[in-house]
Amino acid sequence: MADLDLPARQGFAPDASPAALPSEIPLTLTINGERRELHVRPWTTLLDLLREDLHLYGTKKGCDHGQCGACTVLVNGQRINSCLALAVSKDGCEVTTVEGLAASDGALHPMQEAFIEHDAFQCGYCTPGQICSAIGLVHEGHARTPEEIREQMSGNICRCGAYTNIVDAIEDVLAKGTTK
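Nothing here was measured: the structure is a model prediction, and the numbers come from that model. Throughout this document, residue positions are counted from 1 along each chain, in the order its sequence is written. Totals for whole chains, interfaces and linings use every residue, but because this is a predicted model, local features are given only for residues with pLDDT of at least 70 and side-chain atom pairs only at 80 or more, for both listing and counting. As a rule here, side-chain values cover all heavy atoms of the structure and leave hydrogens and water aside.

**Section: the sheet that holds strand 2 (residues 34-40)**
Note: strands within a sheet are paired through backbone hydrogen bonds, in either parallel or antiparallel orientation.
Then, in step 1: Strands are labelled as partners when DSSP assigns at least two bridges between them. Per the convention used, a helix needs a DSSP run of H or I reaching at least four residues, while a strand needs a run of E reaching at least two, with both numbered from the N terminus. Sheet architecture is open: five strands sit in the order 2-1-5-3-4, paired in mixed fashion. Bordering the open sheet on either side are strand 2 and strand 4 (78-81), each of which pairs with just one other strand. Strand-to-strand twist in this sheet, taken as the mean axis angle between neighbours without regard to direction, amounts to 40 degrees.
Then, in step 2: Of the strand pairs in this sheet, strand 1 (residues 25-31) and strand 2 are connected by seven bridges, and their pairing is antiparallel. Its bridge partner lying in strand 2, Thr30 is registered against Arg35.
Then, in step 3: Together, strand 1, strand 2, strand 3 (72-75), strand 4 and strand 5 (94-96) form the strand contacts of helix 2 (residues 46-53), whose direction differs from that of strand 1 by roughly 80 degrees. Think of each axis as a best-fit line through the C-alpha atoms, taken over the contacting stretch in the case of a helix, with angles from 0 to 180 degrees between the N-to-C directions. By definition, residues are in contact when any of their heavy atoms lie within 4.5 Å.

Next comes the structure, spelled out in structure tokens:
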């Protein structure tokens, strides 16, 4: 065991001391319309950056394995599981969380309004991820039928079972053509 060199096993030069390793990496993100100059540890996920460093608690930590969708945010308009993305890999990107969906005057995004109108939530834990995923889905253009909506939203779990109302809310937004 004495011949194991931990830094070498991690891909660092055998003579690299922990002090020589970078502790934080500079990062620029536009988060909910605001440009942010940040410094993050290389292993920080986008989810942890949003919740722990920036105090944007709307994005939820569910499974932390990319299986539940509670952490879904929009990156450059595309939905992603923020628990699976290293923050440094999104350098220069635009990130939208549920907090950034409403207009500056407080008017809700059409998808947020539809979720309220159709009672598309129960406990609310999954709702931010569901809404971000629904907005991404609409922009992707894959949602034309209830079956397609269900298939495309299958990565977002609702433990309370509000699926029918979620599909109804998405269909309503599609029918009105009111996406931003």
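**Some details on helix 6 (residues 163-176)**
Then, in step 1: Helix span, as expected, comes to 1.5 Å for every residue beyond the first. If you check helix 6, its first and last C-alpha atoms are 20 Å apart, about what 14 residues at 1.5 Å a residue would give, namely 20 Å.
Then, in step 2: Within the span of helix 6, buried status applies to Ile166, Val167, Ala169, Ile170, Asp172 and Val173.
Then, in step 3: Looking at the packing, one finds that the buried side of helix 6 touches helix 3 (110-117), helix 4 (127-140) and helix 5 (146-152).
Then, in step 4: A positive phi of about 60 degrees marks Gly177, the residue just after helix 6. Exposure is judged per residue with a 1.4 Å probe applied to protein chains only, and the accessible area is read against the type maximum: over 50% gives exposed, under 20% gives buried, and values in between give partly exposed.

**Concerning the side chain of Lys60**
Then, in step 1: For Lys60, the location among the structural elements is in the loop between helix 2 and strand 3.
Then, in step 2: By the counting scheme adopted, Arg and Lys are positive, Glu and Asp are negative, and His together with the chain ends is not counted. We count a salt bridge whenever a side-chain nitrogen from Lys or Arg sits within 4 Å of a carboxyl oxygen from Asp or Glu. For Lys60, which is buried and forms no salt bridge, the nearest opposite charge comes from Glu99, at a distance of 6.8 Å.
Then, in step 3: N or O atoms within 3.5 Å of each other form a polar contact, as long as, within protein, one can give a hydrogen and the other can take it, and as long as residues adjacent in sequence are counted only when both atoms are side-chain atoms. Here Tyr57 takes part through its backbone oxygen, which lies 2.9 Å from a polar atom of the side chain of Lys60.
Then, in step 4: Once residues within four sequence positions are removed from consideration, Lys60 is found in contact with Leu47, Arg51, Ala70, Cys71 and Tyr125.

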